[in-house]
Amino acid sequence: MKNNITILGVGNTIYSDDGVGIRVVERLEKEYDFPDNVLVVDGGVLGINLLGIISNAGQMIVVDTVLNHGQPGDIHRLTHDQIPNRVLAKNSLHQVDLIEALTLCHALDHVPQTTIIGIEPRDLNSLSEELTPEIAAKVDELIEKTLEELVRLGGTYTLK
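Residues numbered from 1 in each chain as written. Predicted model: local features only at pLDDT ≥ 70, side-chain atom pairs only at ≥ 80, totals over all residues. Heavy atoms only, no water.

## Looking at the packing of aromatic side chains
The condition is simple: Think of it this way: a Phe, Tyr or Trp ring, Trp meaning its six-membered ring, pairs with another when their centres are within 6.5 Å, and the plane angle makes it stacked under 30 degrees, edge-to-face over 60, tilted otherwise. For each residue, the accessible area found with a 1.4 Å probe, counting protein chains only, is set against the maximum for its type, and the residue is called buried under 20%, exposed over 50%, and partly exposed in between.
Under the counting rule described, the total for this entry stands at two aromatic pairs. Ring geometry for Tyr32 versus Phe34: centroids 6.4 Å apart, planes at 45°, classification tilted. A single burial state applies to Tyr32 and to Phe34, both of which are buried. Judged by its relative accessible area of 13%, Tyr32 falls in the buried class. An aromatic cluster of three or more residues is present, and its members are Tyr32, Phe34 and Tyr157.

In structure tokens:
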């Protein structure tokens, strides 16, 4: 279990920038191959239903929007000890459920080492399946940062 790395994209693709985590995971699945110990998951808005996936991860990279007092498009890397301070602000409903799932894992005595690769959104409220231009322009960089984190954790990948 300790060698397992889960890359988890969360968000809601019908609320503009809120879907960026899902867009990153879609691209990762389409453009890269990963070894058996790396699981790439479209978590959507599953929240608490992700408990099984989260509890089986040794290490986890979450890709999502993060309200961190920056400018739209700013990318943040939040590590395990920084997450409660930033994400407990509950930027959106799926983050409430994600925190609940992590809390339940803590109660079960297994919280994976978690890093959030997050981006400051421009728009989380408009009904649109399109990312705003500022966020769409940063998807490649988000993918790069996610892959860098994967390698930092000891994971590997190859281009398809």
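Anyway, onward from the coordinates.
## A look at the packing of helix α1 (residues 20-31) against helix α6 (residues 139-152)
We apply this condition: Lines fitted to the C-alpha atoms define the axes, with helices restricted to the stretch that makes contact. Angles between their N-to-C directions range from 0 to 180 degrees. Helix and strand definitions here come from DSSP, where helices need a minimum of 4 consecutive H or I residues and strands a minimum of 2 consecutive E residues; each element is numbered from the N-terminal end. By definition in this entry, angles of less than 35 degrees are roughly parallel, angles greater than 145 are roughly antiparallel, angles of 65 to 115 are roughly perpendicular, and the rest are oblique. For a crossing to be left-handed, the near helix must be turned anticlockwise from the far one by less than a right angle; the clockwise case is right-handed. Contacts were defined at the residue level, with two residues in contact if any of their heavy atoms lie within 4.5 Å. Under the convention adopted here, Pro, Cys and the residues Ala, Val, Leu, Ile, Met, Phe, Trp and Tyr are nonpolar, Asp, Glu, Lys and Arg are charged, and Gly plus all remaining residues are polar.
At a closest axis distance of 10 Å, the pairing of α1 and α6 adopts a crossing angle of 70°. Classified by the angle their axes make, α1 and α6 are roughly perpendicular. When you trace α1 past α6, the crossing you get is right-handed. Across the interface between the two elements, Val20, Val24, Arg27 and Leu28 from α1 touch Val139, Asp140, Leu142, Ile143, Thr146 and Leu147 from α6. Residues belonging to the contact of α1 with α6 are distributed by class as follows: seven nonpolar, one polar and two charged.

## As for the pairing of strand β6 (residues 113-119)
Looking along a regular strand, one sees side chains alternate from face to face of the sheet. Definition in use: Strands are labelled as partners when DSSP assigns at least two bridges between them.
Summarising burial for β6: six of the seven residues are buried, a large majority. Both strand β5 (residues 75-79) and β6 contribute to a ladder of five bridges, which runs antiparallel. Each bridged residue has a counterpart across the sheet, and for Arg77 the counterpart in β6 is Ile117.

## Things to note about the pattern of salt bridges
Here is the rule: The term salt bridge refers to a pairing of a side-chain nitrogen on Lys or Arg with a carboxyl oxygen on Asp or Glu at a separation within 4 Å.
The full count for this structure, using the stated rule, is eight salt bridges. Among the ionic pairs, Glu141 bridges to Lys138, the shortest N-O distance being 3.3 Å. Residue classification places Glu141 among the partly exposed residues on the basis of a relative accessible area of 31%. A relative accessible area of 27% means that Lys138 is categorised as partly exposed. When the shortest N-O distance is used, the salt bridge between Arg152 and Glu149 registers 2.6 Å.

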